[in-house]
Amino acid sequence: VQLQACGGGLVQAGGSLRLSCAASGNIFSGYNMGWFRQAPGKEREFVAAITWSVGSTYYADSAKGRFTISRDNAKNTMYLQLNSLKPEDTAVYYCAADRGPRPSPPRQYYEYDYWGQGTQVTVSS
């Protein structure tokens, strides 16, 4: 499985962006897909995840109410809608895939099997 993330950019605080993650190869029903982010000097942190088959969603507290994760099975693509962006959201955003199966998507980056290349999100104040 190869993942390609895009959609990042420079936006003012309060603005919005939509990130996409296109997957090539087979995404099976037991897979979990996630978004992580990493700011300079910080560890990679969980943002949101979704189960590929049912579409159940999970969010970090920092993302709840502002970000929305979704997927389009037919297009093998996952999305992350970023609203009400804050300067502290500035980071490289990565998409990832976990082969599963698990009861719920993992929140630790080292439990994911495949990674996209990352897309930069910069929020100016």
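The structure presented is a predicted model; accordingly, all values stated were derived computationally and were not measured.

Digging into the overall build of the protein chain
Scanning the protein chain from N- to C-terminus turns up 0 helices and 11 strands. Relative to the compact-globule value of 14 Å for 125 residues, the protein chain shows a C-alpha radius of gyration of 13 Å, a close match. Principal axes of the C-alpha set define a box for the protein chain whose edges measure 40 × 25 × 25 Å. Looking at the protein chain as a whole, 43% of its 125 residues qualify as buried. Total accessible area on the protein chain is roughly 6200 Å²; 46% of this is exposed by carbon and sulfur atoms. Taken as two groups, the 12 positive and 9 negative side-chain charges of the protein chain have centres that lie 4 Å from each other.

Things to note about unusual backbone geometry
Following Gly100, the chain continues to Pro101 via a peptide bond in cis, the omega torsion being -10°. The topology assignment puts Pro101 in the loop between strand S9 (91-98) and strand S10 (114-115). Phi angles above zero are rare outside glycine, and Asn76 is one such case at about 50°. Positionally, Asn76 belongs in the loop between strand S7 (67-72) and strand S8 (77-82). Of note in this structure, Ser84 is not a glycine but carries a positive phi near 50°. Mapped onto the secondary structure, Ser84 falls in the loop between S8 and S9.

Describing the side chain of Thr119
With respect to the helices and strands, Thr119 occurs in strand S11 (residues 119-124). The exposure class of Thr119 is buried, given its relative accessible area of 9%. Filtering out sequence-adjacent residues up to four positions away, Thr119 remains in contact with Ala5, Cys6, Gly7, Gly8, Leu19, Ala91, Val92 and Tyr93.

What about the sheet that holds strand S1 (residues 2-6)?
The strand order across the open sheet built from 4 strands is S1-S3-S8-S7, with neighbouring strands paired in antiparallel fashion. Pairing within the sheet leaves two strands with one partner each, and these edge strands are S1 and S7. Averaged over all pairs of adjacent strands, the angle between strand axes in this sheet comes to 15°, irrespective of strand direction. In this structure, S1 lies alongside strand S3 (residues 17-24), joined through 5 bridges in antiparallel fashion. Bridging across to S3, Gln2 finds its partner in Ser24.

Here is what the cut-offs are and how they apply
- Residues numbered from 1 in each chain as written.
- Predicted model: local features only at pLDDT ≥ 70, side-chain atom pairs only at ≥ 80, totals over all residues.
- Heavy atoms only, no water.
- Helix = DSSP H or I, 4+ residues; strand = E, 2+ residues; numbered from the N terminus.
- Rg over C-alpha atoms; globule rule 2.2 N^0.38 Å.
- Buried < 20%, exposed > 50% of the residue type's maximum accessible area, 1.4 Å probe, protein only.
- Areas by Shrake-Rupley, 256 points an atom, 1.4 Å probe, with all protein chains shown as cover.
- Lys, Arg positive; Asp, Glu negative; His and termini not counted.
- Charge placed at Lys NZ, Arg CZ, Asp CG, Glu CD.
- Contact = heavy atoms within 4.5 Å.
- Pairing = 2+ DSSP bridges.
- Axes fitted to C-alpha atoms, helices over the stretch in contact; angles between N-to-C directions.

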